[in-house]
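Each chain is listed here by its residues.
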Amino acid sequence: MGIVKGDQMILNMGPQHPSTHGVLRLKISTDGEIVSNIEPVIGYLHRCFEKHCENCTYEQVIPFTDRCDYIASMNNNFGYVVAMEKLMEIKVPDRVEYIRVIMAELNRIASHLLALGVYGLDVGAFTPFLYMFRDRERILDIFELTCGARLLYNYMWVGGVSHDLPVGFVETVYGFLDYFEPKLKEYNEILTYNKIFIERTADVGVLPPEVAISYGVSGPNLRGSGVKWDLRKDEPYSIYERFDFDVPVGEGTIGTTGDCWDRFYVRMLEMTESAKILRQALKDLPQDGDVHQALPKKIRPPKGSIYQRTESPRGDLAYYIISDGSPQPYRLKMRSPAFTALSVLNEISRGWMLSDVIAILGSLDIVLGEIDR
Amino acid sequence: MTDNLEQLIKEAVEKALEGDMDAINNIEDRVTRSKAKAALVKAKREAAKEKPEVSSDESDSNQDSAKIKTSNENIAELIIQQFPEDINKDLCSEGHIQIHPKNWMAIAKYLRDDPACLFDSLQCITGVDLGEESDLEVRYNLHSMTHLHAIEVRITCSRNNAKVPSVESIWRIGDWFERETYDMYGIEFDGHRDLSRILLPEDWEGWPLRKDYDVQETYHGIVVPKVKEGWE
């Protein structure tokens, strides 16, 4: 940061600050109340994920992926097993594919509910947070019913899933959807079109599409800037090509395209789309089939490497796996979407007020576990 | 919301669908105006949905995947033509190209700007240690949002003098990805504005993801636990 000019002040936000969603420190240079530069300092949650993986067998990596993005663990498992299955050329039964999609979309809704609720909290709306956590709780209950865990599941395995669906699962999820879909209208009334919320987020922190692409921003943040890009549609993996759903993009409905409100609203619309996918998946879910049928006895992928991307709730989640033919990965790299999203913070917050930085940071929906790995 | 407002929005949307956007833009209250805009978008979407498009979608995606396959080989060809001296043809395969570090900046610029390539998005930078006695490697995964094709670029550098030109100014995300690779492998990216550790503390010793890495015994008086090998 170097020499501080006369009117400048350096302000440390974090590492312990409620709006940093984890342990993040922002070194903010301010001129009065205007932000002139932000330097994110990360690494407080670094747990040597990639180093650990080189000393584990391939199965043992899965619980570690849970702990990277602990808000959307199912999606992290999903990305890893999709990459491994492609590397080993395993074909999993249809029933497993459907179960995985159901879990991934449920987790996407849960993750977005947390992101939106906490975002409301960041900009000063306490009530929506309680509403959204109340509903997220129901999804966690469904996960608990399925695999016994509420946050870190270790549910998807290479070639299958750990448990078959429990009795009455389909009805429970239908019940949840019937309950949840009308609630979206409620969220819109309580938060989305709230006048104060709009004042805090519309036109704030505009992220132009070409900047977003250059910074590798992906997922809802990129779509908020008006770029129609969703790996589930554009590079379908698993069985996503079988479902009919839309890819919502930011349209500048209230302010400018790519502002905080757009990023927020894209997530809101995505929950509807996830519910749509869920209904189709539940309808087509094959009744029979052994979920352990395709599990390999020993995971020993052939020599080679793979780069596989999947769409996590935060964006392009990719694994780069290099195998040397042994039961342990030679190299495993995780490309996390939140890492790239945080790197753009400085670019879009310069010139805004200090209090807007909280709104911009919250709208990027970062999870520090995934950034630091 | 009162019935009155709803009526107002409905009328404005109907007028806008006929091409008169002023009906919406003239609404004074910001919230009502945005609601009207949202309703308009919804109405347009529903109108678009009525046309059957599912079948055409499927054929499109098939064409795309065919396009990706052909263009991958073409791009390797293009670069070989453009920069014949910088490419190591023996080590190139279908999915990746192997280049020498010297001219990487120029090649990267070409890859981003040439109308046939247009790799506007740097997906990932992965460092690899090829073995305790051999070299280090940096792998770049590039993707084009326009042409929907992807390519992997690999650059090898020696273990003792690990230097690769920085592409931070070409793809902005290169900044953090290169810092991460430096942090884990000690590969220096020439031309990077602020090459410092990103995930580990600044005074950490050694490059953890190199295969010959030894953990330091203590850090500021704290005993550093050893990584267990061969967990069962």
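Fair warning: this is a prediction, and the values are worked out from it, not measured in the lab.

1. Thoughts on the overall build of chain A
Each helix and strand in chain A was counted, giving 15 helices and eight strands. A compact globule built from 373 residues should have a C-alpha radius of gyration of about 21 Å, and chain A, at 21 Å, falls within 12% of that. Counting only C-alpha atoms, chain A reaches 65 × 45 × 35 Å along its principal axes. Out of the 373 residues belonging to chain A, those deemed buried represent 50%. If you take every contact in chain A between residues at least 6 apart in sequence, the share linking residues at least 24 apart comes to 71%.

2. Describing the overall build of chain B
In terms of helices and strands, chain B carries six helices and eight strands. From first element to last, N terminus to C terminus, chain B shows the α and β order α-α-α-α-β-α-β-β-β-β-α-β-β-β. Out of the 232 residues in chain B, the part that is buried amounts to 31%. Considering only contacts within chain B whose residues lie at least 6 apart along the sequence, 45% involve residues at least 24 apart.

3. Regarding the sheet that holds strand S1 (residues 8-13) of chain A
Residues and elements named next belong to chain A. A sheet is described by the order of its strands in space; here three strands give the open sequence S1-S2-S3, paired in antiparallel fashion. Looking at the sheet topology across the chains shown, the edges are occupied by S1 and strand S3 (34-41). Taking the axes of each pair of neighbouring strands and ignoring which way they run, one obtains an average angle of 20 degrees across the sheet. Alignment of strand S2 (residues 25-31) against S3, held across seven bridges, turns out to be antiparallel. Residue pairing for S3: Leu26 is matched across the bridge by Pro40.

4. Description of the interface of chain A and chain B
Chain A puts 32 residues into the contact, and the matching count from chain B is 32 residues. Only helix H1 (49-54), helix H7 (195-201), helix H8 (209-214), strand S7 (315-323), strand S8 (331-335) and helix H12 (337-343) of chain A provide two or more residues apiece to the side of chain A that touches chain B. The residue makeup of the side of chain A that touches chain B, split by class, is 13 nonpolar, nine polar and 10 charged.

5. Some remarks on the sheet that holds strand S4 (residues 150-157) of chain B
Residue and element names in this part refer to chain B. Pairing is mixed in the open sheet, where four strands are placed in the order S1-S4-S3-S2. Sheet topology places strand S1 (96-99) and strand S2 (121-129) at the edges, where each strand pairs with a single neighbour. Taken pair by pair, the neighbouring strands of this sheet meet at an average axis angle of 20 degrees, ignoring direction. Note that S1 and S4 share four bridges and pair parallel. Within S4, the residue paired with Gln98 across the bridge is Arg154. Each of S2 and strand S3 (136-143) is contacted by helix H6 (residues 174-185), which is oriented at about 5 degrees to S2, the strand it contacts most.

6. Comments concerning helix H3 (residues 73-88) of chain A
Residues and elements named next belong to chain A. Between the first and last C-alpha of H3 there are 23 Å, a value that for 16 residues agrees with the 22 Å anticipated at 1.5 Å per step. With respect to burial, H3 is a largely interior element, 14 of its 16 residues being buried. One or two positions beyond H3, positive phi appears at Glu89, with a value near 55 degrees.

7. Some points on the packing of helix H5 (residues 127-147) of chain A against helix H6 (residues 169-192) of chain A
Residue and element names in this part refer to chain A. One can describe the packing of H5 onto H6 by two numbers: an axis separation of 11 Å at closest approach and a directional angle of 165 degrees. The angle between H5 and H6 places the two elements in the roughly antiparallel class. Taken as a pair, H5 and H6 cross one another with a handedness that is left-handed. In this structure, H5 contributes Thr127, Pro128, Tyr131, Met132, Asp135, Arg138, Ile142, Leu145 and Thr146 to the contact, and H6 contributes Phe169, Thr172, Val173, Phe176, Phe180, Lys183, Glu186, Tyr187, Ile190 and Leu191. For the contact of H5 with H6, a count of residues per class yields 12 nonpolar, three polar and four charged.

8. Some details on helix H4 (residues 94-122) of chain A
Its 29 residues place the ends of H4 of chain A 42 Å apart at the C-alpha level, agreeing with the 42 Å of an ideal helix rising 1.5 Å per residue. Positive phi appears at Gly124 of chain A, one or two residues downstream of H4 of chain A, with a value of about 105 degrees.

9. Side note on the nonpolar core
Ranked by size, the top nonpolar core spans 140 residues in total, and within it Ile102 and Ile360 of chain A carry the most contacts. At 15 residues, the largest contribution of residues to this core is made by H4 of chain A. Excluding anything up to four places from it in sequence, Ile360 of chain A contacts Val204, Gly205, Cys260, Leu345, Ile348, Ser349 and Trp352 of chain A. In this structure, Ile9, Val13, Ala16 and Leu40 of chain B belong to the second largest nonpolar core, which totals seven residues.

Procedures and definitions
Residues numbered from 1 in each chain as written. Chains lettered and ligands numbered in written order. Predicted model: local features only at pLDDT ≥ 70, side-chain atom pairs only at ≥ 80, totals over all residues. Helix = DSSP H or I, 4+ residues; strand = E, 2+ residues; numbered from the N terminus. Rg over C-alpha atoms; globule rule 2.2 N^0.38 Å. Buried ≥ 20, exposed ≤ 12 C-beta atoms within 10 Å, placed from the backbone. Contact = placed C-beta atoms within 7 Å. Pairing = 2+ DSSP bridges. Axes fitted to C-alpha atoms, helices over the stretch in contact; angles between N-to-C directions. Nonpolar A, V, L, I, M, F, W, Y, C, P; charged D, E, K, R; others polar. Expected span 1.5 Å × (residues − 1). Parallel < 35°, antiparallel > 145°, perpendicular 65-115°, else oblique. Left-handed = near helix turned anticlockwise from the far one by under 90°. Core = buried A, V, L, I, M, F, W, Y, C linked by C-beta atoms within 7 Å.

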